[in-house]
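Chain by chain, the residues run as shown.
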Amino acid sequence: MKGIILYTFLLMVCLMSCEKSIKQKIAMNVEKKCSGFDSCIFNMKEITDFNWDKLYLFKEGTSLEDINKALGFNYPYFTDIANRIIFVKDHTIAYHEDEFIDPEAKPKSNVSFDIYNDTVPYYVFNLNNAIFHVRKKINNGNKYFVLTPIRHD
């Protein structure tokens, strides 16, 4: 009996302390919102529980120099090339998330942004235009969501 109580307590602590990533929150929100549809519209401010005024999406391979230049200040969390989601409030990092791509491994997230091309290393959005068209896709039996910006700065 004590084991069950301890297990339940530890599970509750983990559930309360285990923060979901932005991509996990997007997937959960889109799953509910797009239920029964192949596409829908998603607004990033619907899922953020922190204050922000700019959202930056950096593609893999964007240098620290280019990130710093885009942000207008030094990005202190750079460790390696990755796709990055960075939320900024008043020239301070409000939230950041890096996704390191491993072509050999299964993707860690079922959300991808369809914004990257060879000439634009990043996109920036403000609180009012971080709106995306979402398409549900299935690949090898796995469902995932592709987000394409409707507008950006």
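As a starting point, this report considers the structure included with it.

Parameters at a glance
- Residues numbered from 1 in each chain as written.
- Predicted model: local features only at pLDDT ≥ 70, side-chain atom pairs only at ≥ 80, totals over all residues.
- Heavy atoms only, no water.
- Disulfide = S-S within 2.5 Å.
- Buried < 20%, exposed > 50% of the residue type's maximum accessible area, 1.4 Å probe, protein only.
- Pairing = 2+ DSSP bridges.
- Helix = DSSP H or I, 4+ residues; strand = E, 2+ residues; numbered from the N terminus.
- Axes fitted to C-alpha atoms, helices over the stretch in contact; angles between N-to-C directions.
- Contact = heavy atoms within 4.5 Å.
- Core = buried A, V, L, I, M, F, W, Y, C linked by side-chain atoms within 4.5 Å.

What follows is about the state of the cysteines. In this structure the tally under the stated criterion is one disulfide. Here Cys34 pairs with Cys40 through a disulfide, and the sulfurs are 1.7 Å apart. For Cys40, a relative accessible area of 12% gives the class buried.

Here the focus is the sheet that holds strand 4 (residues 92-99). Sheet architecture is open: four strands sit in the order 4-3-2-6, paired in antiparallel fashion. Either end of the sheet is taken by a strand with one partner, and the two such strands are strand 4 and strand 6 (122-126). When strand polarity is set aside, the average angle formed by the axes of neighbouring strands in this sheet is 15°. Contacting strand 3 (83-89) and strand 4, helix 2 (residues 22-33) crosses the sheet at an angle of about 80° to strand 4. Helix-sheet contacts for helix 3 (residues 64-71) involve strand 2 (54-58), strand 3, strand 4 and strand 6, and the interaxial angle to strand 2 is about 160°.

Turning next to the nonpolar core. If you look at the biggest cluster of nonpolar residues, it comprises 26 residues, and the most contacted ones within it are Ile26, Met44, Leu55 and Phe132. Among the elements of the structure, helix 2, strand 1 (39-43), strand 2, strand 3, strand 5 (111-113), strand 6, strand 7 (131-139) and strand 8 (142-149) are those that each provide at least two residues to this core. Take this core: its biggest share by element is four residues, from helix 2. For Ile26, the contacting residues outside a window of four places in its chain are Phe42, Met44, Ile47, Val111, Phe113 and Leu147. Ala70, Leu71, Phe73 and Tyr75 belong to the second-largest nonpolar core, a separate cluster that totals 11 residues.

None of this, on its own, says anything about what the molecule does.
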